[in-house]
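If you want the building blocks of each chain, they are given just below.
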Number of protein chains: 2
Amino acid sequence: MTDNATLIAIDWGTSNLRASLLGHGGAILQTRSAAGGVMAVPNRQFAQVLQQLCGDWLQKRPLPMIASGMIGSRQGWVEAPYLDCPVGPAEAATQLTPVPFDAHRFFIAPGLRLQRADGGWDVMRGEETQLWGADLDADSVAVLPGTHSKWVRMGERDSIKDFRTFMTGELYGLLTKHSILGKLMQSSEEFALSAFIAGVRQGSIGHTQLASAIFATRTAGLMHELPATQLADFLSGILIGAEVAGALTEWSVDAPVVLVGDEALCQRYAKALELNGVASRSAPDGATTAGQWRLAHAAGLY
Amino acid sequence: MTDNATLIAIDWGTSNLRASLLGHGGAILQTRSAAGGVMAVPNRQFAQVLQQLCGDWLQKRPLPMIASGMIGSRQGWVEAPYLDCPVGPAEAATQLTPVPFDAHRFFIAPGLRLQRADGGWDVMRGEETQLWGADLDADSVAVLPGTHSKWVRMGERDSIKDFRTFMTGELYGLLTKHSILGKLMQSSEEFALSAFIAGVRQGSIGHTQLASAIFATRTAGLMHELPATQLADFLSGILIGAEVAGALTEWSVDAPVVLVGDEALCQRYAKALELNGVASRSAPDGATTAGQWRLAHAAGLY
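A. Up close: the relation of the copies chain B and chain A. It takes a turn of 180° to lay chain B on chain A, together with a shift of 0.0 Å along the axis; the resulting RMSD is 0.0 Å. The superposition operator between the copies reduces to a two-fold rotation axis. Judged by C-alpha distance, Thr 208 of chain B is the residue of chain B that lies nearest the rotation axis, at 2.1 Å. When the interface residues of chain B are mapped onto chain A, 100% of them are again interface residues, pointing to one common binding face.

Pasting the structure below:
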């Protein structure tokens, strides 16, 4: 099954690590995950983690490897450069950063950055590669939910023209795990859609005062308006609703927003967009490996 | 010095615990603090913590004790009731909750709550007592910075008419301690005023997209726009700026806003208000014990 293995494509983010063995045409032969996100690897032992995850693939034959995501950040293995937007895949492929990893050919994709009118910067690592695998039209708006969700405007020839980062996923994690809001929560396997929708409404209205809007999670618990098992989804709704309503004050959207990423999370964003009057569609699965395959090809790695 | 001791007044919040021994007229004879905030006491061993902090005061003579703050919350010692706004000190004094603590007369002040037009609730514990010791005019707007900062509109006869909670202080703590923003920070004794002001400007402009505005803390570090020692104050500015700008979309302010609480923190809020075109003044020190003294008097505890 792995006889035609051509490339190892590694999606290495803040929270997750996933390696895929790709064959002819970028077909996924095998995929493995580990709880080895950049923030979870002690003492920067990235080589050990990677060896453990896919060392056996490399024993059979030498294979080129390409990684994208926070592994190229200052907290990662090696800080790969940031390219200034607009940037397309052809340019990014000329800027891969080689990383010493035994005798293997291992490369990290560059990040992207842009400077806003007020002088502030924004940065992206990993999402650009996903977008280059998602086959998007010029001028379309894509949203990539996650630890740090991104709103992106595409330009000509798959270039990335503009983007904005929201720390929505990280805020959700912090607030459920470490804040007083988590104290009233009970975990639940079931997604509480009605609580999520109520949260989206609160967050959409309250997006101008987010630090206040999230406090509704506590009062909904204190006043027994929601059961403890639904508070986490209520908070998720507030945060996503505030992100969507806030972003829509800035981003004009003419065609359906393209959602790229984890399916369950994209469904939450689709609902929040719908409640804010905006249509959306999901990108096909496998955008990250498709983008990595494309970059590696343009760089002549295989 | 403690011969005329009349009341023990306890300010017991989420993060801090402070006990004051009050004499004639509410004069503070002695004050002690401990790192025994409600979230920091394991297994609800509140009696032990209190015994340790001021057990010796009680050995000399029996003294009534009054506590306000999160100690009366569901995470606290006993959940004291919430009274519906508007509420003044005379009504609150009739609703103290007695708590068994050896043979002592120990009471917890009630909390306050209100329901907004959209059906959502807000709650307050402790700040009401501070306000009742701050001698405020009817219709004045007070801001009490802290873990959960409060914006408050006063009514007639020291009643509290309207308020809104912002989790600004807790967000600051979570983001500096546990998030990726903290990874680039270095602690510093010195307050970086210019970084704070830059943050206030970013947060004021970006208050509609707070989950995005805070990410500027990371990019300012990555792009070497600010030294690592100033990033925490920059983030503080973003969060406080967003709170102030967001609150001002809702709260009309005709007279100077009254700032009540920790002096250094009030100075930050004064600066953020000023940058948003709003004047402020500080309430005199000792508002909490003055309010507790007043409540205890109205309740006939001494």
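Let us keep going from here.
B. Spotlight on the side chain of Arg 164 of chain B. Positionally, Arg 164 of chain B belongs in strand 12 (residues 160-166). Arg 164 of chain B sits in the buried class, given a relative accessible area of 11%. Within the local environment of Arg 164 of chain B, its side chain forms a polar contact with the side chain of Glu 250 of chain B, the two groups lying 2.8 Å apart. For Arg 164 of chain B, the contacting residues outside a window of four places in its chain are Gln 209 and Ser 212 of chain A together with Arg 116, Asp 122, Ser 149, Lys 150, Trp 151, Glu 250 and Trp 251 of chain B.

C. Local environment of the confidence of the model for chain A. The pLDDT averaged across chain A works out to 95; a share of 99% of its residues lies at or above 70. Overall fold confidence for the complex sits at a pTM of 0.93, while the interface term, ipTM, reaches 0.93.

D. View of the environment of Lys 150 of chain B. All names here are of chain B. The residue Lys 150 is located in strand 11 (residues 149-154) in this model. On a C-alpha basis, the gap between Lys 150 and Ile 180 in space is 27 Å, while along the polypeptide they are 30 residues apart. Among the polar contacts listed, one links the side chain of Lys 150 to the side chain of Thr 165, at a separation of 2.6 Å.

E. Fine view of the pairing of strand 1 (residues 7-12) of chain B. Residues and elements named next belong to chain B. Of all the six residues making up strand 1, five are buried; the element is thus mostly covered by neighbouring parts of the structure. With six bridges connecting them, strand 1 and strand 2 (residues 17-22) associate as antiparallel partners. Residue pairing for strand 2: Ala 9 is matched across the bridge by Ser 20. Counting the residues between successive antiparallel strands, the hairpin from strand 1 to strand 2 contains four residues. Bridge count between strand 1 and strand 4 (residues 65-68): four bridges; the pairing is parallel. By the bridge assignment for strand 4, Ile 10 is matched with Ala 67.

F. Highlighting the interface of chain B and chain A. In this complex, chain B contributes 52 residues to the contact, which on the side of chain A involves 52 residues. A buried area of about 4500 Å², summed over both sides, lies between chain B and chain A, and 63% of it is on carbon and sulfur atoms. On inspection of chain B and its partner chain A, the count reaches zero salt bridges. Between chain B and chain A we count 19 residue pairs in polar contact (both at pLDDT 80 or more) in total. Looking at the side of chain B that touches chain A, the elements with two or more residues in it are strand 8 (111-115), strand 9 (121-124), strand 12, helix 4 (168-178), helix 6 (210-213), helix 7 (216-222) and helix 8 (231-248) of chain B. Per element, the largest residue contribution to the side of chain B that touches chain A is six residues, and it comes from helix 4 of chain B.

Parameters and conventions
- Residues numbered from 1 in each chain as written.
- Chains lettered and ligands numbered in written order.
- Predicted model: local features only at pLDDT ≥ 70, side-chain atom pairs only at ≥ 80, totals over all residues.
- Heavy atoms only, no water.
- Least-squares fit on C-alpha atoms with pLDDT ≥ 70 in both.
- Contact = heavy atoms within 4.5 Å.
- Helix = DSSP H or I, 4+ residues; strand = E, 2+ residues; numbered from the N terminus.
- Buried < 20%, exposed > 50% of the residue type's maximum accessible area, 1.4 Å probe, protein only.
- Polar contact = N/O pair within 3.5 Å; in protein donor to acceptor, adjacent residues only side chain to side chain.
- pLDDT = per-residue confidence, 0-100.
- Pairing = 2+ DSSP bridges.
- Buried area = accessible area lost by both parts, 1.4 Å probe.
- Salt bridge = Lys/Arg side-chain N within 4 Å of Asp/Glu carboxyl O.

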